[in-house]
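Breakdown of the fold
Letter by letter, the chains look like this.
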Amino acid sequence: MQLSTNSITNSMVSATVKRNNVICAVLILLLVCIAAGSLAVGKYPLSLEKLLAGDEMQRKVFYNLRMSRTVVAVFGGAVLGICGFVYQTVFRNPLASPDIIGVSSGASLGAAVGILCFGSAAAITASAFAGAVLSVCLALLLSSADKTGKKSTIVLAGIAVHALAQTALMCLKITADPERELASIEYWIMGSLASVTSSRIGGNLLICILITIVLLFLHRQTILLSADEGEARMLGVSVSQVRLIVLLLATLAVSAVVSLTGLISFIGLLAPHIARLITRSNRISTMVFSGLTGGILLCSADILARSVAQTELPVSIFTSLIGVPLLIFLTLKGRNMS
């Protein structure tokens, strides 16, 4: 009887692994196809024949603009998806996102400072990254005053920092030139990959890749944080330390993305939900699928942003158009299940 039960369990696990492998292959193939389409979409027409012949303008547009933009869309979306999974798992909140501990608001404030004080694209990127990191460090510093280590304390600290950053941002908007600086701030907040070039992505991309690898290695500890704290400690997880490390890593990765692209809505929120609908679980496969789904969503939205109108539109318009119906569906699904 015991052998029969073990055999059934092993066959179920084997079937689940095979199913996940097939889904992973399909998602990777879909992401590759969308990325290939992204390389071909744009106002400047590219020709494979001219590219292979070494036409200088064609090569510059392809490598400096199209290739770098596609790489950021794929890897940036993947990072937002994986970090969204991390936030939702650590906080045990299906609506958790980078806003929850001040990443987005800090990046917006930093970008506004960069636009008003410096003006160059590199300075705006650096300022946005610094603003996001400083905001999260402030939120974690405030939460450290509570020695109980409750997750709600970090959330409340994040809300306070978010409100403070938004207030400072409004003050900066008042002082900005309405025709030039204010428009730049608003456009950055709406999110776009239009300013992404090969000269700007190197350091940010390296940060994203390294942190993603570390987060994947820490998947077991991250998933255990979603359990009861007592159970997690019994399983050998130092809850407070691991939570702090994972949140800092996820925050650095998100900061590296949004400092390049501006604020991209819904990717970090939606991708983990889609992945859970596919896997019906909260495992390492869900984390990987969150990344693949995030890359697919952002790359698809970026293609639409530069192809549906004469002028390029903010990419968050299209991530929101995808996100709102799915959120309504998830809400109704949860209500029907309750």
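Summary of the structure given here. What you see is a predicted model, and the numbers here were worked out from it, not measured in a lab.

Here's the deal with the side chain of Thr125
- Summarising the element assignment, Thr125 is placed in helix 5 (residues 121–143).
- Engagement of the side chain of Thr125 in a polar contact is seen with the backbone oxygen of Ser259, the distance being 3.5 Å.

What about the state of the cysteines?
- Applying the stated rule across the entire model yields zero disulfides.
- Of the cysteine sulfurs around Cys171, a residue in no disulfide, the closest is that of Cys117, at 14 Å.
- Of all cysteine sulfurs, the one in Cys83 lies closest to Cys208, which takes part in no disulfide; the gap is 7.9 Å.

Here's the deal with a nonpolar patch on the surface
- Taken together, the side chains of Phe75, Ile209, Ile213 and Phe217 make up a nonpolar region of the molecular surface, amounting to roughly 400 Å² of accessible area.
- Among the elements that line the nonpolar patch, the one with the most residues is helix 8 (residues 198–217), at three residues.
- The topology assignment puts Ile209 in helix 8.
- Owing to a relative accessible area of 32%, Ile209 belongs among the partly exposed residues under this scheme.

What to know about the packing of aromatic side chains
- Applying the stated criterion to the full structure yields two aromatic pairs.
- Relative to Tyr63, the ring of Phe62 has its centre 5.0 Å away and its plane inclined at 90°; by these criteria the two rings are edge-to-face.
- For Phe62, a relative accessible area of 14% translates into the label buried.
- With relative accessibility at 44%, the residue Tyr63 sits in the partly exposed group.
- Between the aromatic rings of Tyr87 and Phe91, the centroid separation amounts to 6.4 Å while the plane-to-plane angle is 10°, which identifies the pairing as stacked. Of this pair, Tyr87 and Phe91 both sit in helix 3 (residues 56–91), four residues apart, which is roughly one turn of that helix.

A closer look at the environment of Ser127
- Assignment of secondary structure puts Ser127 in helix 5.
- Residues Ser127 and Leu215 lie 88 residues apart in sequence; the distance between their C-alpha atoms is 25 Å.
- Other than its neighbours up to four places away in sequence, Ser127 contacts Gly110, Ala111, Gly114 and Phe118.

Thresholds, definitions, all that
- Residues numbered from 1 in each chain as written.
- Predicted model: local features only at pLDDT ≥ 70, side-chain atom pairs only at ≥ 80, totals over all residues.
- Heavy atoms only, no water.
- Helix = DSSP H or I, 4+ residues; strand = E, 2+ residues; numbered from the N terminus.
- Polar contact = N/O pair within 3.5 Å; in protein donor to acceptor, adjacent residues only side chain to side chain.
- Disulfide = S-S within 2.5 Å.
- Patch = residues over 30% accessible without salt bridge, like charges linked within 9 Å, V, L, I, M, F, W, Y side chains within 5 Å.
- Areas by Shrake-Rupley, 256 points an atom, 1.4 Å probe, with all protein chains shown as cover.
- Salt bridge = Lys/Arg side-chain N within 4 Å of Asp/Glu carboxyl O.
- Buried < 20%, exposed > 50% of the residue type's maximum accessible area, 1.4 Å probe, protein only.
- Phe/Tyr/Trp six-rings, centres within 6.5 Å; stacked < 30°, edge-to-face > 60°.
- Contact = heavy atoms within 4.5 Å.

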